[in-house]
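Working through the structure, step by step
Listed below are the residues making up each chain.
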Amino acid sequence: MAANWKMNNGPTSAREFMQAFLDQYPRQNDRTVLFFPPALSLAAVASAIADRRDILLGVQNVYWADQGAFTGELSVGMARDAGARVVLVGHSERRHVFGETDQQTALKCAAVERGGLIPLLCVGEVLDERDAGDAESVVVRQLHAGFAQMTQLATRDVMVAYEPVWAIGTGRTATPEDASAMHSVIRRELKSLCGDRARVTPILYGGSVNPGNAPTLMASPDIDGLLVGGASLDASSWLAVARS
Ligand code: PGA
């Protein structure tokens, strides 16, 4: 169950949020909770979860070079050093607001693999692509492109999130049937990329998830978890989603 805070919660509000959340969220052995705070708040979240092995920390983005003159960027090594285990790659806001290409997602996933962290590759079609009947081909293309330069897919942990772009932050969720259908396409494609390991690769759904729709989504075949933006910004709604 993954909370993507996007550009919200600086260090002070991150600390307050974590205190409110952890007070009410005892360890649950059947799930892992992930937090993707903004990079400036990594330290605050890392210290709050220091004794919680059921909660992982991630970064929202990285650059693929190891170090150097790349003003404003973060490397995988720095993210690891700050306590991150997972890296979001190809989130739709990276793709559609910042112009990230499939080729760049591939470089980022490869850098994440080299650096020993877990990529959480986000894929999803825009509304015009869905209306044109191209949703599946877009998602399959993004999936293969993103993992194209990873060399150890058969043995390494990866995660995928299906986030139809028209459902992100819009209040419009994919139906559990549509989400589930796309997740089974992703599972099928993962088999060709990762072999047997695809059976245990977590495939998350994201896009206007809230406490009301989370249980139905989680009950749907092939939906292994949720990637949540807006509803992860309020401790009580995130608690409800994380428990669903
Ligand atoms: P949302 O965002 O839950 O606010 O729709 C999801 C995401 O972008 O990961």
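Figured I'd write up the structure that's included with this text. (Residues numbered from 1 in each chain as written. Predicted model: local features only at pLDDT ≥ 70, side-chain atom pairs only at ≥ 80, totals over all residues. Heavy atoms only, no water.)

Notes on the site of the ligand
Around the ligand sit 13 residues in total, of which Lys6, His91, Glu163, Gly169 and Ser208 are the nearest. Taking lysine 6, its side chain carries an N or O atom lying 2.7 Å from an oxygen atom of the ligand. Take serine 208: an N or O atom from its main chain is 2.7 Å from an oxygen atom of the ligand. Out of a free accessible area of 280 Å², the ligand has 95% covered by protein chains. (Near = heavy atom within 4 Å. Polar contact = N/O pair within 3.5 Å; in protein donor to acceptor, adjacent residues only side chain to side chain. Areas by Shrake-Rupley, 256 points an atom, 1.4 Å probe, with all protein chains shown as cover.)

Considerations on the sheet that holds strand E6 (residues 159-162)
Spatial strand order, E1-E2-E3-E4-E5-E6-E7-E8: 8 strands in a closed barrel with parallel pairing. Going from strand to strand, the sheet's axes swing by 25 degrees on average, the running direction of each strand aside. Sitting on the sheet, helix H7 (residues 135-147) is in contact with strand E5 (118-123) and E6, with an inclination near 155 degrees to E5. Sitting on the sheet, helix H10 (residues 235-243) touches strand E1 (2-4), strand E2 (33-36) and strand E8 (225-228), and the angle it makes with E2 is about 140 degrees. (Pairing = 2+ DSSP bridges. Helix = DSSP H or I, 4+ residues; strand = E, 2+ residues; numbered from the N terminus. Axes fitted to C-alpha atoms, helices over the stretch in contact; angles between N-to-C directions. Contact = heavy atoms within 4.5 Å.)

Structural notes on the nonpolar core
Phe21, Phe35, Phe147, Ile186, Tyr205, Leu226 and Trp238 are the most contacted members of the largest nonpolar core, which totals 64 residues. The element that contributes the greatest number of residues to this core is helix H8 (residues 176-194), accounting for 6 residues. In this structure, Ala2, Leu34, Leu120 and Cys122 belong to the second largest nonpolar core, which totals 13 residues. (Core = buried A, V, L, I, M, F, W, Y, C linked by side-chain atoms within 4.5 Å. Buried < 20%, exposed > 50% of the residue type's maximum accessible area, 1.4 Å probe, protein only.)

Quick look at H7
Every α-helix winds through 3.6 residues per turn, so residues three or four apart in the chain are directed the same way. Under the 1.5 Å per step criterion, the end-to-end length of H7 is 19 Å for 13 residues, consistent within 8% with the ideal 18 Å. Within H7 the residues assigned to the buried category are Ala135, Val138, Val139, Val140, Gln142, Leu143, Ala145, Gly146 and Phe147. Next to the buried residues of H7 lie helix H4 (92-96), helix H5 (102-114), E5, helix H6 (127-131), E6 and H8. (Expected span 1.5 Å × (residues − 1).)

Some words on the state of the cysteines
Disulfides are covalent bonds that link the sulfur atoms of two cysteine residues. Following the criterion strictly, the structure yields 0 disulfides and no others. The structure places no disulfide on cysteine 122, whose sulfur is separated from the nearest cysteine sulfur, that of cysteine 109, by 9.4 Å. Cysteine 194 carries a free sulfur, and the closest cysteine sulfur to it, the one in cysteine 109, is 11 Å from it. (Disulfide = S-S within 2.5 Å.)

Quick word on the pairing of E5
Where burial is concerned, most of E5 is hidden: 6 out of the 6 residues are buried. Going residue by residue along E5, you find Ile118, Leu120 and Cys122 tucked away on one face and Pro119, Leu121 and Val123 tucked away on the opposite face as well. The pairing of strand E4 (residues 86-89) with E5 spans 4 bridges and is parallel. Bridging from a neighbouring strand, valine 87 pairs with proline 119 of E5. With 4 bridges joining them, E5 and E6 adopt parallel strand pairing. Looking across to E6, one finds that valine 123 is bridged to tyrosine 162.

Looking at the pattern of salt bridges
With the rule as written, the count across this model stands at 15 salt bridges. With a closest N to O distance of 3.0 Å, aspartate 102 and arginine 95 form a salt bridge. In this structure aspartate 102 comes out as buried when scored by relative accessible area, which is 17%. A salt bridge links aspartate 102 to arginine 141; the shortest N-O distance between them is 2.7 Å. Of the two residues, aspartate 102 sits in helix H5 while arginine 141 sits in helix H7, which places them 39 residues apart along the sequence. A single salt-bridge network, built from bridges that share partners, covers Arg94, Glu100 and Lys108. (Salt bridge = Lys/Arg side-chain N within 4 Å of Asp/Glu carboxyl O.)

Description of the packing of helix H1 (residues 11-24) against H10
At their nearest, the axes of H1 and H10 sit 10 Å apart, and the two run at 40 degrees to each other. It follows from the interaxial angle that H1 and H10 lie oblique. Judged by the sense of rotation from one axis to the other, the crossing of H1 with H10 is right-handed. Residues Phe17, Ala20, Phe21 and Gln24 of H1 pack against Ala235, Trp238, Leu239, Ala242 and Arg243 of H10. (Parallel < 35°, antiparallel > 145°, perpendicular 65-115°, else oblique. Left-handed = near helix turned anticlockwise from the far one by under 90°.)

As for the packing of H7 against H8
Contact geometry of H7 with H8 gives a least axis separation of 10 Å together with a crossing angle of 35 degrees. Both H7 and H8 take part in a crossing whose hand is right-handed. Across the interface between the two elements, Ala135, Glu136, Val139, Val140, Leu143, His144 and Phe147 of H7 pack against Met182, Val185, Ile186, Arg188, Glu189, Leu190, Ser192 and Leu193 of H8. Considering only residue class, the contact of H7 with H8 consists of 10 nonpolar, 2 polar and 3 charged. (Nonpolar A, V, L, I, M, F, W, Y, C, P; charged D, E, K, R; others polar.)

Remember that the coordinates give geometry; whether it matters functionally is a separate question.
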